[in-house]
Amino acid sequence: EEPPKYFPSNVHLNKEGYLEPHLILNNSLKPLNVKYVDKMKSYVTLLDVRNEDDFAESHIPGSIFIGLEGRFAPWVGEILEDINQPIILIAPDGREEEAILRLSRVGFDNIKGYLSGGINSWIKANKNFESIENIDPEYFASLILKDNLNILDVRSQSENNFSSIRESLNIPLIDLKDKIQSINDNDKLYIHCKGGYRSMIACSILQSKSITNIVNIKGGFDKISAFL
């Protein structure tokens, strides 16, 4: 996945440098129960850093996906922008500390804690969760042959210019939040990037803005192109 070329101007580090890791963890490595996270979810950013397929299967409504297994830090800077915003993490078991330290390296140190027990504890507590339809590239390619689909390509403009699916709409991920009003979701919207990471970030952003008639294509354009 191609990383962003820059960070927004308001993503900057304190002039005095980084906090010591043990101080960061002391402030942020705090298990939070479901009741607290549920109460706070309207006032914080819920950042889900799991694998994109796990996020697609089940996640807390309104949460934003930026997975640890991709270009995590650059995309956090681009998507979240405000380093001072309060964040609660939904992380893979055992990787909470890693997520907190990687966030701190790009200036995000207002981490309130992480959901104890992860998404499983949320589901076991009978809280509402959402999913995202996640389809294989071969099946998607078969749909293109049968019908004119509503397709959103969230790769960069240069990637799209090099090769793209005919009639697809290109809105690079870094521009998506500013151009949501131009997206037509009357028909099901099929979303892809290069490899499947950026498209899931895009799906999470759209779903958080109540655009829910969406489908993610696993493996992105790299996999799709093999069937076209």
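Everything discussed here concerns the structure shown above.
Residues numbered from 1 in each chain as written. Predicted model: local features only at pLDDT ≥ 70, side-chain atom pairs only at ≥ 80, totals over all residues. Heavy atoms only, no water.

### Remarks on the packing of aromatic side chains
In step 1: A full pass over the atoms with the stated rule returns 3 aromatic pairs.
In step 2: Where Phe55 meets Phe65, the ring centres are 5.4 Å apart and the plane angle is 40°; that geometry is what we call tilted. Of this pair, Phe55 sits in helix α3 (residues 52–57) while Phe65 sits in strand β3 (residues 64–65), placing them 10 residues apart in sequence. Each member of the pair Phe55 and Phe65 is classed as buried. (Phe/Tyr/Trp six-rings, centres within 6.5 Å; stacked < 30°, edge-to-face > 60°. Helix = DSSP H or I, 4+ residues; strand = E, 2+ residues; numbered from the N terminus. Buried < 20%, exposed > 50% of the residue type's maximum accessible area, 1.4 Å probe, protein only.)

### Looking at the environment of Val106
In step 1: Mapped onto the elements, Val106 comes out in the loop between α5 (96–104) and β5 (111–115).
In step 2: Between the C-alpha atom of Val106 and that of Asp93, which follows or precedes it by 13 residues, the distance is 22 Å.

### Things to note about the pairing of strand β4 (residues 87–90)
In step 1: Burial of the side chains of β4 extends over both faces: Ile87 and Leu89 are buried on one face and Ile88 and Ile90 on the other.
In step 2: In this structure, strand β2 (residues 45–48) lies alongside β4, joined through 4 bridges in parallel fashion. Note on β4: the bridge partner recorded for Asp48 is Ile90. (Pairing = 2+ DSSP bridges.)

### Quick word on the sheet that holds strand β7 (residues 150–153)
In step 1: The strand order across the open sheet formed by 5 strands is β6-β10-β9-β7-β8, and the pairing between neighbours is parallel. Each having just a single partner strand, β6 (133–135) and β8 (169–170) make up the two edges of the open sheet.
In step 2: In this sheet, strand β10 (residues 214–217) lies alongside strand β9 (residues 189–192) in parallel orientation, the contact comprising 3 bridges. Each bridged residue has a counterpart across the sheet, and for Ile191 the counterpart in β10 is Asn216.
In step 3: Of the strands in this sheet, β6, β7, β9 and β10 touch helix α7 (residues 137–146), which is tilted by about 90° from β6. (Contact = heavy atoms within 4.5 Å. Axes fitted to C-alpha atoms, helices over the stretch in contact; angles between N-to-C directions.)

### As for the pattern of salt bridges
In step 1: Applying the stated criterion to the full structure yields 10 salt bridges.
In step 2: Residue Glu133 is joined to Lys188 by a salt bridge in which the shortest nitrogen-to-oxygen separation is 3.3 Å. Within this pair, whereas Glu133 is found in strand β6, its partner Lys188 is found in the loop between β8 and β9, the two being separated by 55 residues in sequence.
In step 3: Put simply, Arg198 and Glu159 hold a salt bridge, and the shortest N to O gap is 2.9 Å. Of this pair, Arg198 sits in helix α9 (residues 197–208) while Glu159 is found in helix α8 (residues 157–162), placing the two residues 39 residues apart along the sequence.
In step 4: When its relative accessible area of 11% is taken as the criterion, Glu159 is described as buried.
In step 5: Each of the salt bridges in this network shares a partner with another, and the network as a whole consists of Glu69, Arg95, Glu98 and Arg102. (Salt bridge = Lys/Arg side-chain N within 4 Å of Asp/Glu carboxyl O.)

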